[in-house]
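Listed below, chain by chain, are the residues.
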Amino acid sequence: MYPYIPNTPEDEKIMLDSIGLSSVDDLFDDVPEEVKLKRRLNINSPMSEMEVLNRLKALSKKNISTEDMVCFLGAGAYDHYIPSVVKYVISKPEFYTAYTPYQAEISQGTLQSVFEYQSMICSLTGMDAANASMYDVGTAAQEAGFMACEITRRKSVVVSKSVHPEVRKVLKTYMKFRQIEVVEADLKDGVTDIEKLQKIINENTAGIIVQNPNFFGIIEDFSEIENIIHRNKGLMIMSVDPISLGILKTPGEWGADIAIGDGQSLGNSLNFGGPYLGFMATKSKFMRKLPGRIVGQTEDKDGKRAFVLTLQAREQHIRREKASSNICSNEQLNALAATVYMTAMGKEGLREVALQCISKSHYALKKIIDTGKFQLLFDKPFFMEFCLKSKYDGTKINEELLKKNIIGGYELEREYPEYKNSVLLCVTEKRTKDEIDILADALEGIK
């Protein structure tokens, strides 16, 4: 691949002549004249390769990333360490430029990488089957909601308010156009309120979506929720942080029917908000209702290991009104990064990352509490994120931290007005003792 491909007017004419057109505008004849811009775009005139590179470098330097500042912001996207082997493998042209593997005979490498990804997601979540990958956790949540409604033949989904606010927004948007009701379960001390939950679960409830650790970083106990939803013959959908599964109970162990989550933590950079990938897995009895592609392992005529797209009659090869979803693309390159990350880390490596996250976040909490200026918002067990309250406005806190080259926490008041002057801080395995101490000192100096 080349970063710059120059096309001269002569090159353009040759290409247009080859398809029987006289100008580039002829390519857009089907576009109505009234919607065309009819003027030049407000962009630079043609530039040389050197000029383009200099321009792009100048623009990129305006960005401030986790390479420039110490990050204590989480809230769904996390600054984890990524082993160098991840970038090396996903940069190989045969992976980097691969498209959807419809022709199995010539796509064995791509299919195998998907199969290994699915297998690892199943091991990680304690489920039986996983799909090729979703766009992100938000779209995975709405697909899980559709799946629950299809399985139960019901038209209502309950979601806890401890689930990421953006995930809940995506869920409501999709469900609205399928005439599926979304009911939010209230909170009590940062976790799902069981008493109120029991009152909103009814014969029309297809399933409940919960999150662990939840949006506030709290590790919830889902035993009672699992009993409530299954007594009602609904499904439990659990959104999980994949790194936390190095030490916490899996969705399978909790009795969940569908497991979802965001795979950004698994070897994918923050990327200023994307692209990421969503993962989704379920029990074998629900496999035919699972959206997206599934890669299976078989043998060829010579008895050698081979890979195919399996159970295709549930997906894109039937009438669209009978398909399990409208998912077309999968985030395969991001899923490959997750596969390489999990392979490189292994079971013990993932456990070590999780242990460091929990150890460092608890050290950070103690250091900050010792300043006497902050209190823990919820006195609950947490993984790597925790909520602090103080007399200071969250915006002021983050502005002061930026002056110290620190990216601060998420201001809870944005989505939870009841938690005024509260921030959600995240401490991953990347944060050092010195960085945590500097954070505590910076917070102590806020006036």
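Everything numeric here is computed off the predicted structure, so don't read it as measured data.

Engineer: Account for the packing of helix α5 (residues 108-125) against helix α11 (residues 332-369), naming residues and giving values.
Structural biologist: In contact at an axis separation of 9 Å, α5 and α11 are set at 50° when each is read in the N-to-C sense. Relative to α11, the element α5 is oriented oblique. In terms of crossing hand, the pair formed by α5 and α11 is left-handed. Residues Ser113, Val114, Glu116, Tyr117, Met120, Ile121 and Leu124 of α5 pack against Gln332, Ala335, Leu336, Ala338, Thr339, Met342, Thr343 and Leu350 of α11. Residue classes in the contact of α5 with α11 are distributed as ten nonpolar, four polar and one charged.

Engineer: Requested: an account of the sheet that holds strand β17 (residues 422-426), with residues and values cited.
Structural biologist: If you trace the four strands from one edge of the open sheet to the other, you get β13-β14-β17-β16, paired in antiparallel fashion. Every other strand in the sheet has two partners, leaving β13 (375-376) and β16 (410-411) as the edge strands with one partner each. As judged from the two bridges shared by β16 and β17, these two strands associate in the antiparallel manner. The residue bridging Tyr410 from the neighbouring strand is Leu424, located in β17.

Engineer: Break down a nonpolar patch on the surface for me, citing the residues and quoting the values.
Structural biologist: A cluster of nonpolar side chains, Ile19, Val24, Leu27, Phe28, Val31 and Val35, forms an exposed patch at the surface whose accessible area comes to about 520 Å². Along the polypeptide, Val31 turns up in the loop between α1 (9-18) and α2 (49-60). A relative accessible area of 33% places Val31 in the partly exposed class.

Engineer: Explain helix α7 (residues 165-176) to me, using residue names and the numbers behind them.
Structural biologist: With twelve residues, α7 extends 17 Å from end C-alpha to end C-alpha; this agrees with the ideal 16 Å at 1.5 Å per step. For α7, the complete set of buried residues consists of Pro165, Val167, Arg168, Leu171 and Met175. Along the axis of α7, the buried positions cluster into a sector of 155°, meaning they face one direction only. Exposed positions of α7 whose direction lies more than 90 degrees from the buried face are Glu166 and Lys176.

Criteria and cut-off values
Residues numbered from 1 in each chain as written. Predicted model: local features only at pLDDT ≥ 70, side-chain atom pairs only at ≥ 80, totals over all residues. Heavy atoms only, no water. Axes fitted to C-alpha atoms, helices over the stretch in contact; angles between N-to-C directions. Helix = DSSP H or I, 4+ residues; strand = E, 2+ residues; numbered from the N terminus. Parallel < 35°, antiparallel > 145°, perpendicular 65-115°, else oblique. Left-handed = near helix turned anticlockwise from the far one by under 90°. Contact = heavy atoms within 4.5 Å. Nonpolar A, V, L, I, M, F, W, Y, C, P; charged D, E, K, R; others polar. Pairing = 2+ DSSP bridges. Patch = residues over 30% accessible without salt bridge, like charges linked within 9 Å, V, L, I, M, F, W, Y side chains within 5 Å. Areas by Shrake-Rupley, 256 points an atom, 1.4 Å probe, with all protein chains shown as cover. Salt bridge = Lys/Arg side-chain N within 4 Å of Asp/Glu carboxyl O. Buried < 20%, exposed > 50% of the residue type's maximum accessible area, 1.4 Å probe, protein only. Expected span 1.5 Å × (residues − 1). Arc of directions from axis to C-beta.

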